[in-house]
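An overview of the molecular structure
If you want the building blocks of each chain, they are given just below.
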Amino acid sequence: MTDSRLPVAVLGATGAVGQTFVRLLAGHPWFRLAEVAASDRSAGKRYADATKWIEGVMPDEVRDLIVTTCDPTQVSATIVFSAMDADAAATVEPAFAMAGRFVLSNTKTFRMTDDVPLVIPEVNASHLALLDAQKAKGWSGGVVTNANCAAIAATMALAPLHERFGLTELFIATMQALSGAGYPGVPSLDILGNVIPYIGGDEEGKIEREMQKMLGTVEGARIAQAPFVVSAHANRVPVEHGHTVVMSAKFRQKPSVSEAIAVIRAWKGEIADLNLPSAPREPLVLAEQPDRPQPRRDVNAGNGMTVTVGRVREDAIFHLKLVAMGHNTIRGAAGSAVLNAEALVATGRLGWTPPGRA
Ligand SMILES: NC(=O)C1=CN([C@@H]2O[C@H](COP(=O)(O)OP(=O)(O)OC[C@H]3O[C@@H](n4cnc5c(N)ncnc54)[C@H](OP(=O)(O)O)[C@@H]3O)[C@@H](O)[C@H]2O)C=CC1
Ligand SMILES: N[C@@H](CC(=O)OP(=O)(O)O)C(=O)O
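Note that the structure is a prediction, hence the values are computed from the model and not measured. (Residues numbered from 1 in each chain as written. Chains lettered and ligands numbered in written order. Predicted model: local features only at pLDDT ≥ 70, side-chain atom pairs only at ≥ 80, totals over all residues. Heavy atoms only, no water.)

Time to look at the sheet that holds strand β14 (residues 320-326). An order of β10-β7-β11-β14-β13-β12 is seen for the six strands of this open sheet, with the pairing classed as mixed. Both outer strands of the open sheet, β10 (229-236) and β12 (284-286), are each paired with one neighbouring strand and no more. Put simply, the sheet's adjacent strands are angled 20° from each other on average, direction ignored. By the bridge criterion, eight bridges tie strand β7 (residues 167-176) to β10 in an arrangement that is parallel. When the sheet's bridge partners are listed, Met-175 is paired in β10 with Asn-235. Strands in contact with helix α7 (residues 149-165) are β7, β11 (243-251), β12, β13 (307-314) and β14; relative to β11, the strand with the most contacts, it is inclined by about 30°. (Pairing = 2+ DSSP bridges. Helix = DSSP H or I, 4+ residues; strand = E, 2+ residues; numbered from the N terminus. Axes fitted to C-alpha atoms, helices over the stretch in contact; angles between N-to-C directions. Contact = heavy atoms within 4.5 Å.)

Here is the structure:
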């Protein structure tokens, strides 16, 4: 039987996020993982030999693929997921876009570039319109990015409140899981029984900048950022998966706790009607119990694509405080990029219709 799914590629396929792509794409109804690429160190090897597989069992269909370099002359897929080292992405991702490919990138490199959309489809699928502006660079493809993993969890929780009440000030402290640091990541003797109040690579700066872009609006060839200020504290904690963010927020119009809860419960987001394969039935869930969300209990909600919110209550300095938690390598990274690709396809930007859709 012929496989009518679209062949796709993963750049940085041997890394921690790359492996999450491989797991999420195994058995995907629209996409078939056909090509894997990584650094010169891995190129030419079988994927199974080049990769130190971290979680579960490596899918059979990828084991014997030969790893190529991250070069558009070596990779033929139109949809290319990028989980590359951020410095290498600076030249590689534009080269793919120039060669007519659509790059769905996890890296920080182009997130804040004016004409590059920074997308959580439920929050701002409309920002994909920026792809039209990228044509001015001579690109026949394009680059779509997803945000920092902690910023994604926070933005999803705040999106319904911002839409209704207008966020003005946000204080946020994160408790970020170890898988966010890649593999082998933080040495065990540094993190066991410990909390590290610092995450390198300007983690706090990314959280303080990226949310305003995601919650902004399209204005021609750029995004008019949402006008709120953020103060972030990022911490590494001994949790395997799941970034927890505790937040205090102030709004143009002060919501009561019950209004805030009602707005969060009612929120479905921008893509509810598109029926995308990776979209969870509920992008946001409000936990009933007073001691949730917790990574151990809630991280796999919606196959890792649901963000769980809890502890919505009054704040004596700001207006409201709340907690949100999401899977950092699924909703915070590879799962979001796959959902972005599904949104691109479903909105007709590839001119390709997936199997089973009219
Ligand atoms: N971990 C997380 O939760 C998140 C990570 N990200 C981002 O995703 C990206 C990948 O992160 P992560 O998987 O943790 O990192 P890893 O270090 O685990 O993996 C990096 C990948 O990039 C490849 N690579 C390194 N240098 C080059 C190069 N010069 N040319 C081509 N490929 C190269 C590596 O290949 P090789 O094996 O051959 O060295 C490997 O496949 C990073 O940009 C990170 O910031 C984003 C959101 C969340
Ligand atoms: N820095 C994040 C993971 C990451 O790579 O973030 P970014 O994609 O913003 O570089 C963490 O440690 O949990």
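Contacts to ligand 2 come from Asn-106, Arg-111, Asn-148, Cys-149, Gln-176, Gly-180, Ile-199, Glu-203, Lys-206, Arg-236 and His-243. In the model, a nitrogen atom of ligand 2 is placed 2.6 Å from a nitrogen or oxygen of the Glu-203 side chain. Residue Lys-206 places a side-chain N or O atom 2.8 Å away from an oxygen atom belonging to ligand 2. When ligand 2 is considered free in solution it has 350 Å² of accessible area, and contact with the protein chains removes 78% of it. Within the shell around ligand 2, the residues separate by chemical class into two nonpolar, five polar and four charged. (Near = heavy atom within 4 Å. Polar contact = N/O pair within 3.5 Å; in protein donor to acceptor, adjacent residues only side chain to side chain. Areas by Shrake-Rupley, 256 points an atom, 1.4 Å probe, with all protein chains shown as cover. Nonpolar A, V, L, I, M, F, W, Y, C, P; charged D, E, K, R; others polar.)

Where α7 contacts helix α12 (residues 330-346), the two axes come as close as 8 Å, and the packing angle between them is 90°. It follows from the interaxial angle that α7 and α12 lie roughly perpendicular. Contacts between α7 and α12 involve Cys-149, Ile-152 and Met-156 from the former and Arg-331, Gly-332 and Ser-336 from the latter. When the residues that make up the contact of α7 with α12 are grouped by side-chain class, the tally is three nonpolar, two polar and one charged. (Parallel < 35°, antiparallel > 145°, perpendicular 65-115°, else oblique.)

Before going further, it helps to examine the site of ligand 1. Near ligand 1 there are 26 residues, and of these Thr-14, Val-17, Ser-39, Arg-41 and Ser-42 occur at the shortest range. Contact between ligand 1 and Val-17: an oxygen atom at 2.8 Å from a main-chain N or O atom of the residue. Met-84 places a main-chain nitrogen or oxygen 2.8 Å from an oxygen atom of ligand 1. Protein coverage of the free-state accessible area of ligand 1, which is 910 Å², stands at 76%. Listed by contribution, the elements that provide at least two residues to the shell around ligand 1 are α1 (16-25), α4 (86-98) and α12. Here the shell around ligand 1 is built from residues that sort into 11 nonpolar, 13 polar and two charged. Structurally, the shell around ligand 1 is a two-domain feature, drawing no fewer than three residues from each of domain 1 (6-147 + 335-346) and domain 2 (149-327). (Domains from an automatic or database assignment.)

Quick look at the domain arrangement of the protein now. Bring the parts together and some accessible area is lost; that lost area is often taken as the interface size. Per the domain assignment, the segments making up the protein are domain 1 (6-147 + 335-346) and domain 2 (149-327). A separation of 24 Å is found between the C-alpha centroids of domain 1 and domain 2. On the domain 2 side, the residues contacting the 34 residues of domain 1 number 37 residues. Interface of domain 1 and domain 2: buried area, both sides summed, is about 2,900 Å²; carbon and sulfur atoms make up 68% of it. Connecting domain 1 to domain 2 are one salt bridge. (Buried area = accessible area lost by both parts, 1.4 Å probe. Salt bridge = Lys/Arg side-chain N within 4 Å of Asp/Glu carboxyl O.)

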